[in-house]
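# A structural walkthrough
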Amino acid sequence: MLSGKPWFWETKYCWIEHPLQHVGSDVYWYYMIELGYYWSLILSMSIDTRRKDFVQMVMHHILTIALMLVSYSTNWIRCGSLIICIHDAVDWLLEGAKLANYCKHKKLSNGLFVVFAVMWLLTRILILPFRLLRSGIFESITFIGVYPVYYVFLTLIGMLQALNVFWFYLILRMVFFYIVKGTVEKDARSETEPDSGSEDESVDSLQVNGGIPEDSGAPLLGLPDSNHCP
C-alpha cells in the first residue's frame, strides 16, 4: 500500500505541501485499524500474564496511540504511516517463528527468528532513528518550520525508540546465552510462566536445539509475546 506513495521512498515528501496533504482512504483505514489494534492490546493486558516489562508494554501502547492521535490531528500522517509500517515489518516474523516452534519445526523456527532479529535491527534500530527521526528533526524544519507539536511529536518518537532499544537488548541477551551456554535464559520479563498442558518446565531449564526452545509452551527466546510485540 505505502510502496506506491512518494514519501515511502523520499521522506521529504512527508513535509512538502503540509498541512494541505490529501489523506487517501487506504491510509485512513490503515490508521484506524492500527489504532483499534493498539487499544485492544491495552485492554487485553488486564487479563494477560503480567511480566516484569508490564510498565514498558503499557508505555509502548500509550505512546503509539498518542503518536497516532497527534500525527492524525496535525496531518503528520505521512510520517506516522511510515513509523507504523516500520513497526509492522517485523511482527509477522515473530508470529511465524512462534507458530513454527509450537509445531515442532525447529529449523523453520530458527530461520525465522534469525530473520526477525536482523529485521528488528534494520527497521527499528537503524531506519527509524537515522531516517525517519532524522527527517522529523531536520527536513520538517526546512519545509514547515518549528511549532509546538514539533517538540511533542519528536519527544514521543524518542521515547518509543528507547523502548525499541530496550527490547533489542533482550534479543541480544537471549542470543548471547544461546551461543555461550547452549541454553535459553529464563524469560527476563517474568518470574513465572503459565503451564503448558501437563508439562511444567521453566524457560531456563529447557535445552535448545538451534536456538529455539522445543517446548511449545515456552516463550520464544524470552521475547515479547506475539500479541504484545510492539
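Reading guide: rules and limits
Residues numbered from 1 in each chain as written. Predicted model: local features only at pLDDT ≥ 70, side-chain atom pairs only at ≥ 80, totals over all residues. Heavy atoms only, no water. Salt bridge = Lys/Arg side-chain N within 4 Å of Asp/Glu carboxyl O. Helix = DSSP H or I, 4+ residues; strand = E, 2+ residues; numbered from the N terminus. Buried < 20%, exposed > 50% of the residue type's maximum accessible area, 1.4 Å probe, protein only. Bend = angle between axes of the 7 residues up to and from the residue. Contact = heavy atoms within 4.5 Å. pLDDT = per-residue confidence, 0-100. Phe/Tyr/Trp six-rings, centres within 6.5 Å; stacked < 30°, edge-to-face > 60°. Lys NZ or Arg CZ within 6 Å of the ring centre and 35° of its normal.

### Structural notes on the pattern of salt bridges
What the rule picks out here adds up to 2 salt bridges. Between Lys-5 and Asp-26 there is a salt bridge, and its shortest N-O distance comes to 3.1 Å. Here Lys-5 is found in the segment before α1 (6-9), whereas its partner Asp-26 is found in helix α2 (residues 25-44), with 21 residues between them in sequence. The partly exposed category is assigned to Asp-26, whose relative accessible area is 29%.

### Describing unusual backbone geometry
With an omega dihedral of 10 degrees, the bond running from His-18 to Pro-19 counts as a cis peptide bond. By secondary structure assignment, the location of Pro-19 is in the loop between α1 and α2. Residues other than glycine seldom take positive phi values, yet Asn-75 does so here, at roughly 60 degrees. Take Asn-75: it is sitting in the loop between α3 (54-73) and α4 (77-102).

### Structural notes on helix α5 (residues 106-144)
Largest kink in α5: about 55 degrees, centred on Ile-127, with the proline Pro-129 one to four residues after it. In the segment just after α5, Gly-145 is the residue with positive phi, at about 80 degrees.

### Section: the environment of Met-68
When you line up the elements, Met-68 lands in helix α3. C-alpha of Met-68 to C-alpha of Ile-83: the two residues are 15 residues apart in sequence and 9.6 Å apart in space. Contacts of Met-68, omitting those with residues within four sequence positions, involve Tyr-31, Glu-34, Leu-35 and Ile-84.

### Focus: the confidence of the model for the protein
For the protein, the mean per-residue pLDDT works out to 79, and 78% of the residues sit at or above 70. Predicted confidence is poor over residues 190-230, with pLDDT under 50, and the contacts of this stretch with residues over four places away or in other chains come to 122 contacts.

### Considerations on the packing of aromatic side chains
Within the structure shown, the criterion is met by 12 aromatic pairs. Taking 4.9 Å as the distance between ring centres and 80 degrees as the angle between the ring planes, the aromatic pair formed by Phe-8 and Trp-9 counts as edge-to-face. Of the residues examined, Phe-8 reaches a relative accessible area of 28% and is grouped as partly exposed. Overall, the relative accessible area of 54% leaves Trp-9 in the exposed class. Residues Phe-113 and Phe-116 carry aromatic rings whose centres are separated by 6.2 Å and whose planes lie at 35 degrees to one another, so their mutual orientation is tilted. Placement of the pair is Phe-113 and Phe-116 together in helix α5, with a separation of 3 residues, close to one helical turn. For Phe-113, a relative accessible area of 7% translates into the label buried. Among the aromatic residues, those joined into a ring-pair cluster are Trp-15, Trp-76, Tyr-147 and Phe-153. Lying over the aromatic face of Phe-54, Arg-50 brings its terminal NZ or CZ to 3.9 Å of the ring centre. When the ring centre of Trp-120 is taken as origin, the NZ or CZ atom of Arg-124, which lies over that ring, is 4.1 Å away.

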